[in-house]
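Chain residues, written in single-letter form:
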Amino acid sequence: MRESLRLETRNSQALKIPKHDNVYTIGDHVEMVYFIESGEVKLVSVSPEGRECMLAIHTSGDIFGELCLSGLGGRLETATAMEDTVVKQVPCGRFLERLSRDSLLEGFVRYLAVRVADQQEVIANLVTVNSEQRLGKTLLQLARKLGKKDPRSVLIKLKISHEELASMVGTTRPRISMFMQRFKNLGLIEMSVEHHLIVRETKLTAYLKTIA
């Protein structure tokens, strides 16, 4: 599907989104699906009280904004560049035509099913797992999604603030800072010389089992 979208958008103008700028915001009615050529984008929902919840982080090769295909109307989330990002946009109609032409509709349904399963796991964790475990699981998910294998384990170059982790985990920034320090003291995570997060995947997984 990624290669199909690359072909579909090869002659489209690239949109350069500076770090911290929005691709779209809640309520926007632009019916486009977006393909990331480089960079990272976070999707954030905001409650009526103004509390933020980070729904997902997408990186190079990913698509986002596909909820425009639902016919629900305006965007339900805000998409923000986490670093300087380049995206291509495809109108919803063209997107579906391309998938149909390349016999990718079945693959797209599977892709959406995986997204739904991921979101269901997040919801289940919010109800059944404490904050420390949720943070550990989130770090493991980020390592698998964004990390690069490193001799010490998995290195995440993208800088994710404690505030952003708090919005993903569903707790406060001070609690995130406390748990991150505990993880460092236990040797489950560390910071590289370049201030990149290193997740010791095996050790963190084992620790989460002991506190489950």
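Quick look at the structure, then. (Residues numbered from 1 in each chain as written. Predicted model: local features only at pLDDT ≥ 70, side-chain atom pairs only at ≥ 80, totals over all residues. Heavy atoms only, no water.)

**Describing the environment of Ile 198**
Our working rule: The helix and strand labels rest on DSSP assignments: H or I over at least four residues marks a helix, E over at least two residues marks a strand, and numbering proceeds from the N terminus. Two residues form a contact once any of their heavy atoms are found within 4.5 Å.
Its location among the elements puts Ile 198 in strand S12 (residues 197-199). In this structure the C-alpha to C-alpha distance between Ile 198 and Val 116, which are 82 residues apart in sequence, comes to 28 Å. When near neighbours in sequence (up to four residues on either side) are disregarded, Ile 198 contacts Arg 152, Val 154, Leu 155, Leu 188, Ile 189, Glu 190 and Ser 192.

**Topic: the pattern of salt bridges**
Here is the rule: What counts as a salt bridge is simple: a side-chain nitrogen of Lys or Arg found within 4 Å of a carboxyl oxygen of Asp or Glu. A 1.4 Å probe rolled over the protein chains alone gives each residue an accessible area, and that area as a share of the maximum for its type sets the label: buried under 20%, exposed over 50%, partly exposed in between.
According to the stated counting rule, one finds 9 salt bridges in the structure shown. As a salt-bridge pair, Lys 145 and Asp 62 come within 2.4 Å of each other at their nearest N and O atoms. Taken together, the residues Lys 145 in helix H4 (residues 131-146) and Asp 62 in the loop between strand S5 (52-59) and strand S6 (63-64) connect sequence positions 83 residues apart. Accessibility expressed as a relative area gives 36% for Lys 145, which makes it partly exposed. Note that Glu 66 and Arg 115 form a salt bridge whose closest N and O atoms lie 2.2 Å from each other. One end of the pair, Glu 66, is in the loop between S6 and strand S7 (78-81); the other, Arg 115, is in helix H3 (residues 105-128), and 49 residues separate them in sequence. A relative accessible area of 11% means that Glu 66 is categorised as buried.

**Quick look at unusual backbone geometry**
The phi torsion of most residues other than glycine is negative, and most of the peptide bonds are trans. Backbone geometry places His 20, a non-glycine residue, at a positive phi of 80°. Tracing the chain through its elements places His 20 in the loop between strand S1 (15-17) and strand S2 (22-24). Owing to a relative accessible area of 59%, His 20 belongs among the exposed residues under this scheme. Although it is not a glycine, Ser 103 adopts a positive phi angle of roughly 55°. Locating Ser 103 in the fold gives a position in the loop between helix H2 (92-101) and H3. We classify Ser 103 as exposed; its relative accessible area is 63%.

**Side note on the state of the cysteines**
Rules: Cysteine sulfur atoms are paired as a disulfide whenever they come within 2.5 Å of each other.
Summed over the entire model, instances satisfying the criterion amount to 1 disulfide. One disulfide in the model links Cys 68 with Cys 92; its S-S distance is 2.5 Å. Taking the sign of the S-S torsion, about -140° here, the bridge from Cys 68 to Cys 92 comes out left-handed. You can see Cys 68 sitting in the loop between S6 and S7 and its partner Cys 92 sitting in helix H2, a full 24 residues away along the chain. The pair Cys 68 / Cys 92 is uniform in exposure class, with both members buried.

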